[in-house]
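Summary of the model geometry
Take a look at the letters that make up each chain.
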Amino acid sequence: MTTFLVIILLLYLFLRFALPYLIPYLLKLAVKQQAKTYYRQESAEHIRKKNGEMSVDYIPRKKNVMPNQPVRGEYVDYEELRNH
């Protein structure tokens, strides 16, 4: 029972005093790591591109058109005629 209370007391003290300093440090470390990977990717893309060169990140897929299917036609706008 006393070891349980000692563990609870140590856990409380750790959460109370050490954690407020530990969380910002870990967050700064994570942000720096993400910034490194971002800048590494950006610099790699910059090196690959030549001046004035264009790159396309997305190419839309072509519609699957069966060659043996009949063409249904296109939409034709019409006007309604009234009989006087």
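Look up a bit, the structure's there.
What counts as what
- Residues numbered from 1 in each chain as written.
- Predicted model: local features only at pLDDT ≥ 70, side-chain atom pairs only at ≥ 80, totals over all residues.
- Heavy atoms only, no water.
- Helix = DSSP H or I, 4+ residues; strand = E, 2+ residues; numbered from the N terminus.
- Buried < 20%, exposed > 50% of the residue type's maximum accessible area, 1.4 Å probe, protein only.
- Phe/Tyr/Trp six-rings, centres within 6.5 Å; stacked < 30°, edge-to-face > 60°.

Quick notes on the overall build of the protein
Across its full length, the protein holds 1 helix and 0 strands. Looking at the protein as a whole, 0% of its 84 residues qualify as buried.

Looking at the packing of aromatic side chains
Following the criterion strictly, the structure yields 1 aromatic pair and no others. Between Tyr 38 and Tyr 39 the ring centres are 5.3 Å apart and the planes differ by 65°, which places this aromatic pair in the edge-to-face class. By relative accessible area, which is 45% here, Tyr 38 ends up partly exposed.

Some points on the environment of Leu 19
Checked against the element boundaries, Leu 19 lands in helix 1 (residues 2-48). For Leu 19, a relative accessible area of 24% puts it in the partly exposed group.

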